[in-house]
Amino acid sequence: MSDETPICSAKGCRADAVWVLAWNNPKIHTPERRKTWLACEEHREHLSQFLGVRGFLKDVVKFTDWEEPEAP
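My aim in this report is to walk through the structure given alongside it, one point at a time. (Residues numbered from 1 in each chain as written. Predicted model: local features only at pLDDT ≥ 70, side-chain atom pairs only at ≥ 80, totals over all residues. Heavy atoms only, no water.)

### Describing the packing of aromatic side chains
The relation between two aromatic rings is expressed through the spacing of the ring centres and the mutual angle of the planes. The tally for this structure, following the rule as stated, stands at three aromatic pairs. With a centroid separation of 6.0 Å and an interplanar angle of 20°, the aromatic rings of W23 and F56 are classed as stacked. Here F56 lies in the loop between α1 (44–53) and β3 (57–62) and W23 lies in strand β1 (residues 19–23), a separation of 33 residues in the sequence. With respect to class, W23 is no different from F56; both count as buried. Among the aromatic residues, those joined into a cluster by ring pairs are W23, W37, F50 and F56. (Phe/Tyr/Trp six-rings, centres within 6.5 Å; stacked < 30°, edge-to-face > 60°. Helix = DSSP H or I, 4+ residues; strand = E, 2+ residues; numbered from the N terminus. Buried < 20%, exposed > 50% of the residue type's maximum accessible area, 1.4 Å probe, protein only.)

So, in structure tokens, the structure goes:
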């Protein structure tokens, strides 16, 4: 990640990210692959539901606790 302050992934939101939503689309990603969206407090639930109803959501972690998986 860059030195810039991470912002929420919700459309039009410019708030600081507080959460990492780890997800993958099983139709196109290997099971261990994780994509990430960032969320502010206000949008965490909405983004989680969006990914969850599609079966994509794998984990929700505080941004300060997130550790990116090592590249192979």
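Picking up where we left off.
### So, the sheet that holds β1
Strand order across the open sheet formed by three strands is β2-β1-β3, with antiparallel pairing between neighbours. Here the strands that pair on one side only, and so sit at the sheet edges, are β2 (35–39) and β3. Pairwise comparison of adjacent strand axes, ignoring direction, gives a mean angle of 25° for this sheet. Where β1 and β3 come together, five bridges link them in antiparallel fashion. Counted as the bridge partner of W23 is L57 from β3. (Pairing = 2+ DSSP bridges. Axes fitted to C-alpha atoms, helices over the stretch in contact; angles between N-to-C directions.)

### Focus: the nonpolar core
One finds C8, A10, C13, W19, L21, W23, A39, C40, L47, L51 and F56 forming the largest nonpolar core, which totals eleven residues. Looking at this core, the elements with two or more residues in it are β1 and α1. With residues up to four places along the chain from it excluded, the contact list for L47 reads C8, A10, L21, W37, L38 and A39. In this structure, V20, L38, V61 and W66 belong to the second largest nonpolar core, which totals six residues. (Core = buried A, V, L, I, M, F, W, Y, C linked by side-chain atoms within 4.5 Å. Contact = heavy atoms within 4.5 Å.)

### Digging into the pattern of salt bridges
Following the criterion strictly, the structure yields two salt bridges and no others. For E41, the salt bridge identified is with K62, shortest N-O distance 3.7 Å. With a gap of 21 residues between them, E41 in the loop between β2 and α1 and K62 in strand β3 connect regions that are remote in the sequence. K62 gets classed as partly exposed once you look at its relative accessible area, which sits at 32%. (Salt bridge = Lys/Arg side-chain N within 4 Å of Asp/Glu carboxyl O.)

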